[in-house]
Amino acid sequence: MSAVGSFPLGAATTLAELAADPHPRLARLRAHEPVSWLPELDGWLVTRRDLALSVMRDPATFTVDDPRFSTAQVVGPSMLSLDGDEHARHREPFTAAFRPREVRDGFASFIERETNRLITALEPAGAVELRRAFAGPLAVAVVTEALGLVGTTPDTVLSWYDSIVRSVSDITAGHEAAPAGAAAYARLRAAVEATVADRGAASLLGSAAERLALPEVASNAAVLMFGGIETTEAMITNALLHLLRDPGQLALVRADADLLDGAIEESLRLEPGAAVVDRYATRDTVLGPATIRRGELVTVSLTGANRDPAVFPDPDRFDVRRDNARLQLAFAHGPHYCLAAHLARLETRIALQGLLERLPALRLDPAHPTTPHGLVFRKPPTLHVLWDSPA
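For the structure given in this document, a descriptive report is provided here. All values reported here derive from a predicted model rather than from experimental measurement.

As a further point, take helix α7 (residues 84-95). Its 12 residues place the ends of α7 16 Å apart at the C-alpha level, agreeing with the 16 Å of an ideal helix rising 1.5 Å per residue. Every buried residue of α7 is listed here: His87, His90, Arg91, Pro93, Phe94 and Thr95. Buried residues in α7 make contact with α12 (204-208) and α13 (214-245).

Okay, structure coming up:
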C-alpha cells in the first residue's frame with residue numbers, strides 16, 4: 001500500500017514489540033505518526049488520545065460491524081460486534097444489572113465473601129502465584145454469579161473462557177483459531193439454554209431471553225463472560241503489580257484507603273487490560289495525518305492514548321494522586337463503553353483492600369520477576385508474591 005512510505009515508524013513496528021514492551025514505540029508513534037499504517041497489522045494504529053476518542057465516538061464512520069471482527073468470528077454477533085439500532089437491541093437487556101446502585105447492592109457482599117474465602121485459603125502458605133490462585137478465580141466466580149448459569153462451576157467457566165480468549169487472540173494476530181474455542185462456546189451456549197429453560201431460577205440471562213433470541217443471549221453471555229473475567233483479572237494483577245513495585249505509592253495507599261481508587265484508575269491508565277479496540281472504516285475519511293480508505297482496519301491503542309502527555313503530564317509515572325486519572329480510556333468510550341465497568345471497579349477495590357489488609361508485608365517474590373505482556377489483552381503472565389504467614 002502506498003501509505004507505507006509515508007509512515008516509516010509504523011513500517012518498522014512489529015506486533016512482537018507491541019506485545020512485549022509497547023510503551024517506547026507507542027510514544028514515538030504518538031509524537032510523530034499518531035495515526036500510522038502498520039504493515040504487520042495490515043491496518044492503521046491510532047495512538048493519540050483525541051484521535052482515539054474521535055474514532056470511538058463515531059460508529060457511523062468507524063464500525064465494529066465487519067466480518068473480520070475477531071470476537072464475532074468465535075461467538076457470533078453480539079453487543080460487542082454490532083452498531084446502531086442492533087447494538088442497542090443487544091445491549092439494552094443487560095444494562096440495568098450493571099448500573100452503580102444495582103452493582104453495589106447486588107454484588108458487594110458476594111465479592112467480599114469470595115475475596116475472604118480465597119484469602120483464607122491462601123493465608124497459611126506465605127507465597128502464591130496470585131493471578132491464577134486469586135485474581136482469576138475471583139473474576140470467574142463473580143461472572144458466574146452475575147450470569148446465573150445453572151449446572152456450571154467457576155472451574156468450568158474458566159476453562160471455556162481460556163479457550164474462547166485464545167481463539168480471539170489467535171484471529172487478531174492473523175492466525176487460524178484452534179478448534180477448542182468453538183467447542184468451548186458450544187458448551188457455553190448449552191449452559192445458557194439450560195439456564196433460560198429453568199423457569200424457576202431468576203437470572204440475567206432469563207430476563208434477556210424475553211427480548212432476545214437464544215443464540216443472541218448466548219453470544220452476549222460469552223462477551224460478558226470473557227470481558228468480565230479478562231478485564232477484572234487484569235485490573236487486579238496489574239494494579240497489585242504497580243503498587244508492589246512502588247513502595248512509596250503503596251505507603252500512600254496504606255496510609256489513606258481513599259487513595260486505593262486513585263491507584264486503580266492510575267493502573268488502568270498505565271496498563272489497560274484490553275490494550276486495543278478494532279474498528280473498520282465505513283467510508284473514505286481523514287483522521288489526523290492519515291487518509292483512510294473504506295474497509296480498512298483502524299485499531300485504537302488504548303495503551304497509547306492513556307499515556308498521551310498532552311492530557312497526562314509525566315505519563316509513564318505511577319501516581320495514585322493523579323487528579324485526572326479517570327480520564328483514562330481502559331473501558332473504551334462511546335457506544336461500546338464497557339457495560340460492566342462499575343462491577344470491575346468494585347471487584348478490584350474489594351480484592352486489593354482484602355489482600356493489603358490480610359496479608360502482612362505483601363511483596364513481590366524477587367525469584368519470579370514479571371511484567372505485563374500481550375498484544376490484545378495485557379497483564380502479567382504470573383504474579384508471584386510473598387507475605388509474612390502466621391506463625
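What follows covers the sheet that holds strand β10 (residues 384-386). Reading across from one edge, β4-β10-β9 is the order of the three strands in this open sheet, with antiparallel pairing throughout. Edge strands, defined here as strands with exactly one partner in the open sheet, are β4 (127-129) and β9 (363-364). When β4 meets β10, the two strands line up antiparallel, connected through three bridges. When the bridges of β10 are listed, Val128 appears paired with Val385.

What follows concerns the sheet that holds strand β5 (residues 276-281). Taken together, the five strands give an open sheet; going across it, the order is β1-β2-β8-β5-β3, and neighbouring strands pair in mixed fashion. Here the strands that pair on one side only, and so sit at the sheet edges, are β1 (35-38) and β3 (62-63). The sheet contact formed by β1 and strand β2 (residues 43-46) spans four bridges and is antiparallel. The partner of Trp37 across the bridge, within β2, is Trp44. Packed onto the sheet, helix α5 (residues 49-56) meets β1, β2, β3, β5 and β8 (297-301) and runs at close to 130° relative to β8.

The subject of this paragraph is the packing of aromatic side chains. In total, this model carries three aromatic pairs according to the counting rule given. Taking 5.3 Å as the distance between ring centres and 90° as the angle between the ring planes, the aromatic pair formed by Phe7 and Trp44 counts as edge-to-face. Highlighted residues: Phe7 in the loop between α1 (3-6) and α2 (8-11) and Trp44 in strand β2, separated in sequence by 37 residues. With respect to class, Phe7 is no different from Trp44; both count as buried. Ring geometry for Trp37 against Trp44: centres 5.2 Å apart, planes inclined by 75°, an arrangement best described as edge-to-face. Trp37 gets classed as buried once you look at its relative accessible area, which sits at 6%. Taking relative accessible area as the criterion, Trp44 reaches 1% and is therefore assigned buried. Three or more aromatic residues link up through ring pairs in this structure, and these residues are Phe7, Trp37 and Trp44. Taking NZ or CZ as reference, Arg269 lies 5.1 Å from the ring centre of Phe312, over its face.

Right, let's talk about the pairing of β1 for a bit. Covered by surrounding structure in β1 are Val35 and Trp37 together with Ser36 and Leu38, the residues of both alternating faces. From the end of β1 to the start of β2, which pair antiparallel, there are four residues, and Asp42 there has a positive phi angle of about 55°.

Let us now look at the pattern of salt bridges. Scanning all chains against the criterion turns up 24 salt bridges. Here Arg25 ties to Glu17 by a salt bridge, and the two come within 3.1 Å at their closest N and O atoms. Of the charged contacts, one joins Arg307 and Asp316 as a salt bridge, the two residues approaching to 3.0 Å between their closest N and O atoms. When its relative accessible area of 9% is taken as the criterion, Arg307 is described as buried. Overall, Asp316 belongs to the exposed group, its relative accessible area being 54%.

Extensive coverage of β5 is indicated by the burial of six of its six residues. Across the two faces of β5 the burial is the same, with Val276, Asp278 and Tyr280 and Val277, Arg279 and Ala281 all buried. Alignment of β3 against β5, held across two bridges, turns out to be antiparallel. By the bridge assignment, Thr63 is partnered in β5 with Tyr280. By the bridge criterion, five bridges tie β5 to β8 in an arrangement that is antiparallel. Residue pairing across strands places Tyr280 opposite Leu297, the latter belonging to β8.

A word on unusual backbone geometry. Phi at Asp314 is positive, roughly 50°, even though this residue is not glycine. Along the polypeptide, Asp314 turns up in the loop between α16 (302-305) and α17 (341-358). You will see that Ala332, though not glycine, has its phi angle at about 70°, which is positive. Position of Ala332 among the secondary structure elements: in the loop between α16 and α17. A relative accessible area of 7% places Ala332 in the buried class.

Calculation notes
- Residues numbered from 1 in each chain as written.
- Predicted model: local features only at pLDDT ≥ 70, side-chain atom pairs only at ≥ 80, totals over all residues.
- Heavy atoms only, no water.
- Helix = DSSP H or I, 4+ residues; strand = E, 2+ residues; numbered from the N terminus.
- Expected span 1.5 Å × (residues − 1).
- Buried < 20%, exposed > 50% of the residue type's maximum accessible area, 1.4 Å probe, protein only.
- Contact = heavy atoms within 4.5 Å.
- Pairing = 2+ DSSP bridges.
- Axes fitted to C-alpha atoms, helices over the stretch in contact; angles between N-to-C directions.
- Phe/Tyr/Trp six-rings, centres within 6.5 Å; stacked < 30°, edge-to-face > 60°.
- Lys NZ or Arg CZ within 6 Å of the ring centre and 35° of its normal.
- Salt bridge = Lys/Arg side-chain N within 4 Å of Asp/Glu carboxyl O.

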